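# Observations on the three-dimensional arrangement
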Amino acid sequence: MNEVKEALRNIERNYKLFLQQQFTFIGALQHTRENAHDMIRPVASISQVQSYMDHHCNSSTDRRILNMFLNICNDLSKLCHKLETTHSGNTITNGILERCKLLLSHNNDLSTIRAKYPHDVVNHLSCDEAKNHYGGVVSLIPIVLDCMKEWVTHTEKLPQDVLHNVSGGSAIPEKRAPQEAPARAALSQNPPSVHLKAQSSARDKDNVQVQGSKHVQKKHLNDTENHSGKLKRPWKPPGRHAF
């Protein structure tokens, strides 16, 4: 998440530089529209700006500011796709990303969108420019930036096991962890159980050996007593014969 915030800060920094040159941007669009003999329709898509720069731009200043606009849009689009692939999110965050992707689509019609307060990009245009020509194209970047900030706010409230690591990790191990916990617990409990069974078996074996030893000792003692009885009979004096 820190990398996402850092990427947004970098894009915002570039956008602030671009915003300081909004009049230059409008002038570049005006010049290229004149060269393209396209003065009636509004500037309503990113692909239209790209076409003006590629085919109808004669000034290095105009080319630089138009390229700056296209680069910021491209950076936002890359960040949007990165977040989509590295975060599972929920219906709210996924919906925000879908809106960003739609707005940043090269052929999407921007003529009806307008950035609202606190953004004042539209207020810097004349009524005719805002309504009929440039109101949508100057509103694109601030609207997308607001959406990305909203995405960050909602994502930070999600449970940690739903989040992916933007630096390249995956949420799959985190989601799988609760399922694997019982298995790990069972594995951790098996060795003591086996050890106890081994100890019990060893004790039973020792008992059998002790009992067998006692039986052998008792038998040996009895045999010794019997043998001694045969060898050592009590002495009796010889009886006297009657005459």
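Residues numbered from 1 in each chain as written. Predicted model: local features only at pLDDT ≥ 70, side-chain atom pairs only at ≥ 80, totals over all residues. Heavy atoms only, no water.

The name given to the protein in an unreviewed UniProt entry is Sperm acrosome associated 9, with Bubo bubo as the source organism.

Here we take up the packing of aromatic side chains. Here the structure, examined in full by the defined rule, presents 4 aromatic pairs. Measuring from ring centre to ring centre gives 4.9 Å for Phe18 and Phe25, while their planes differ by 65°; the resulting arrangement is edge-to-face. Side by side, Phe18 and Phe25 carry an identical accessibility label, which is buried. Chaining the aromatic ring pairs together yields one cluster made of Tyr15, Phe18, Phe25 and Phe69. (Phe/Tyr/Trp six-rings, centres within 6.5 Å; stacked < 30°, edge-to-face > 60°. Buried < 20%, exposed > 50% of the residue type's maximum accessible area, 1.4 Å probe, protein only.)

This part takes up the nonpolar core. Phe25 and Phe69 are the most contacted members of the largest nonpolar core, which has 50 residues in total. Among the elements of the structure, α1 (2-19), α2 (22-35), α3 (46-56), α4 (60-86), α5 (91-103) and α7 (135-156) are those that each provide at least two residues to this core. (Core = buried A, V, L, I, M, F, W, Y, C linked by side-chain atoms within 4.5 Å. Helix = DSSP H or I, 4+ residues; strand = E, 2+ residues; numbered from the N terminus.)

This part covers the layout of surface pockets. Estimated volume of the largest pocket: approximately 170 Å³. Taken together, Glu12, Tyr15, Lys16, Leu19, His119, Asp120, Val121, Pro142, Leu145, Asp146 and Lys149 make up the full set of residues lining the largest pocket. Sorting the residues of the lining of the largest pocket by element identifies α1 and α7 as the ones contributing at least two each. Across the lining of the largest pocket, the residue classes tally to 5 nonpolar, 1 polar and 5 charged. (1 Å grid on protein atoms, 1.4 Å probe; cavity = no way out; pocket = protein on both sides within 12 Å on 5 of 7 lines; lining within 4 Å. Points joined across faces, edges and corners; volume = space filled by probe spheres on them. Nonpolar A, V, L, I, M, F, W, Y, C, P; charged D, E, K, R; others polar.)

Here the residue pair Tyr117 and Pro118 is connected by a cis peptide bond, since its omega of 15° sits within 30 degrees of zero. At His37, a residue that is not glycine, the phi angle is positive and equals roughly 55°. Checked against the element boundaries, His37 lands in the loop between α2 and α3. Residue class for His37 comes out exposed when judged on its relative accessible area of 72%.

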